[in-house]
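Residue strings, one per chain:
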Amino acid sequence: YPLSTEGIPPEIQPMVQALNDLLDRLGHALEVQRAFVADAAHELRTPLTALRLQLQLAERSEPGPAQAAAFARLHRRLDRAGHVVEQLLTLARQEPALEERARRDVELAGLAREVVADHDALAEGRGIDLGVEAASDSRGRGERDGLRAMLGNLVDNALAHTPAGGRVDVIVATDDGRPTLRVVDCGPGIPVHERERVFDRFHRGENPGVAGTGLGLAIVKRVAERHGATVRLGDGPGGHGLEVKVVFPD
């Protein structure tokens, strides 16, 4: 394809063009699926190989502290592999080629409080002050589970990059009549030249000290695109840290 319209009666040509458009979309969807499967296989190969090696070490260890430490490392590897799978599934659910989900008004303040509550224990364990500041009348139209995944990934990312004793703020407001979500941290931030690339799948940036799947911000971008929203990266207050701002359509 595309199908030629040569020799086709004029009254049939719009149908042929519509079929060509459908085939284009199908081809794109299949290409996206192939790329996704290839990326997923590549990304899972490393943690699965590490799990196999860690299991062998644990099996060979003598009962006692050495074996306990080996199994503890194995559990951490399993947690990481599980997290990769969950992130991959979340990203797959947000593919534009999927059927459009029903949308409704979402009360963003309540959503933000739920996400913050989900992360309270993690923040407390890392000695980070996690809070929410929300305007009660701020609403966005969209798919709630997707928006929750988006905000959850933003909070995850902020907590991962914020040092102990730091602070992460989730702010829900209205900017020029448009609902906005902001997540602000006091971590190292993202250099300007990296700010476009961090939305690519499996891109982990320049900070080698932070583990992650490289999928969090890719999920954020995908959900935002599905909702007609824009994602803006900037410096935090005083030029320190990172502010991620999601601006929804009117």
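Above: the structure in question.
What this report covers is the structure whose coordinates are included nearby. (Residues numbered from 1 in each chain as written. Predicted model: local features only at pLDDT ≥ 70, side-chain atom pairs only at ≥ 80, totals over all residues. Heavy atoms only, no water.)

Along its length, the protein chain carries 5 helices and 7 strands. Listed by position from the N terminus, the elements making up the protein chain come as α-α-β-α-β-β-α-β-β-α-β-β. Of all 250 residues assigned to the protein chain, the portion counted as buried reaches 38%. Put simply, 67% of the contacts in the protein chain that link residues at least 6 apart link residues at least 24 apart. Of the roughly 14300 Å² of accessible surface on the protein chain, a fraction of 54% belongs to carbon and sulfur atoms. (Helix = DSSP H or I, 4+ residues; strand = E, 2+ residues; numbered from the N terminus. Buried < 20%, exposed > 50% of the residue type's maximum accessible area, 1.4 Å probe, protein only. Contact = heavy atoms within 4.5 Å. Areas by Shrake-Rupley, 256 points an atom, 1.4 Å probe, with all protein chains shown as cover.)

General note: in soluble globular proteins, nonpolar side chains tend to be found buried as a group. Core analysis: the biggest nonpolar cluster contains 35 residues, and Met150, Leu151, Leu154, Val170 and Phe248 have the highest contact counts within it. Among the elements that line this core, the one with the most residues is helix α4 (residues 144-161), at 7 residues. Not counting the four nearest positions on each side in its chain, methionine 150 is found in contact with Leu181, Val220, Val223, Ala224, Val246 and Phe248. (Core = buried A, V, L, I, M, F, W, Y, C linked by side-chain atoms within 4.5 Å.)

Moving on: the sheet that holds strand β2 (residues 129-134). Read across the open sheet, the 5 strands follow the order β2-β4-β5-β7-β6; overall the sheet is mixed. Every other strand in the sheet has two partners, leaving β2 and β6 (230-235) as the edge strands with one partner each. Each strand axis lies, on average, 15° off the axis of its neighbour in the sheet, ignoring direction. Strands in contact with helix α3 (residues 108-125) are β2, β4 (167-175) and β5 (178-185); relative to β2, the strand with the most contacts, it is inclined by about 175°. (Pairing = 2+ DSSP bridges. Axes fitted to C-alpha atoms, helices over the stretch in contact; angles between N-to-C directions.)

This part is about the side chain of arginine 195. Assignment of secondary structure puts arginine 195 in the loop between β5 and α5 (216-226). You can call arginine 195 buried: its relative accessible area is 14%. With residues near it in sequence (within four places) discarded, arginine 195 still touches Ile190, Leu233, Gly234 and Asp235.

This brings us to the environment of glutamate 107. Along the chain, the position of glutamate 107 falls in strand β1 (residues 104-107). Separated by 28 residues in sequence, glutamate 107 and alanine 135 place their C-alpha atoms 9.9 Å apart. A distance of 2.9 Å separates a polar atom in the side chain of glutamate 107 from the backbone nitrogen of glycine 110. (Polar contact = N/O pair within 3.5 Å; in protein donor to acceptor, adjacent residues only side chain to side chain.)

Below, the discussion takes up the packing of α4 against α5. Axis separation between α4 and α5 bottoms out at 9 Å; the angle between their running directions is 145°. Taken as a pair, α4 and α5 cross one another with a handedness that is left-handed. Judged by residue contacts, Gly146, Leu147, Met150, Asn153, Leu154 and Asn157 of α4 engage Gly216, Leu217, Ile219, Val220, Val223 and Ala224 from α5. The residue makeup of the contact of α4 with α5, split by class, is 8 nonpolar, 4 polar and no charged. (Left-handed = near helix turned anticlockwise from the far one by under 90°. Nonpolar A, V, L, I, M, F, W, Y, C, P; charged D, E, K, R; others polar.)

It is worth spelling out unusual backbone geometry at this point. Positive phi is not limited to glycine here, since aspartate 176 has a value of about 55°. Taking relative accessible area as the criterion, aspartate 176 reaches 74% and is therefore assigned exposed.

Compared with an ideal rise of 1.5 Å per residue, which puts 18 residues at 26 Å, α3 spans 26 Å between its outermost C-alpha atoms and is within 8% of the ideal. Of all the bends found along α3, the most pronounced is centred on histidine 119 and spans about 45°. Every buried residue of α3 is listed here: Leu108, Ala109, Gly110, Leu111, Ala112, Val115, Val116, His119 and Ala123. Close packing links the buried residues of α3 with β1, β2, β3 (139-142), α4, β4 and β5. Put simply, glutamate 107 is the residue that caps the front of α3, since its side-chain oxygen is 3.2 Å from the backbone nitrogen of alanine 109. Just downstream of α3, glycine 127 is the residue with a positive phi angle, here 70°. (Expected span 1.5 Å × (residues − 1). Bend = angle between axes of the 7 residues up to and from the residue.)

Let us now look at the environment of glutamate 196. Its location among the elements puts glutamate 196 in the loop between β5 and α5. Judged by its relative accessible area of 65%, glutamate 196 is exposed. In sequence terms glutamate 196 and arginine 232 are 36 residues apart; their C-alpha atoms lie 9.8 Å from each other.

Moving on to the pattern of salt bridges. The tally for this structure, following the rule as stated, stands at 9 salt bridges. A salt bridge links aspartate 169 to arginine 167; the shortest N-O distance between them is 3.0 Å. Of the charged contacts in the structure, one is a salt bridge between arginine 182 and glutamate 243, with a shortest N-O distance of 3.0 Å. Of this pair, arginine 182 sits in strand β5 while glutamate 243 sits in strand β7 (residues 242-247), and the two are 61 residues apart along the sequence. On the basis of relative accessibility, which here comes to 24%, the residue arginine 182 falls in the partly exposed class. The exposure class assigned to glutamate 243 is buried, which follows from its relative accessible area of 19%. (Salt bridge = Lys/Arg side-chain N within 4 Å of Asp/Glu carboxyl O.)

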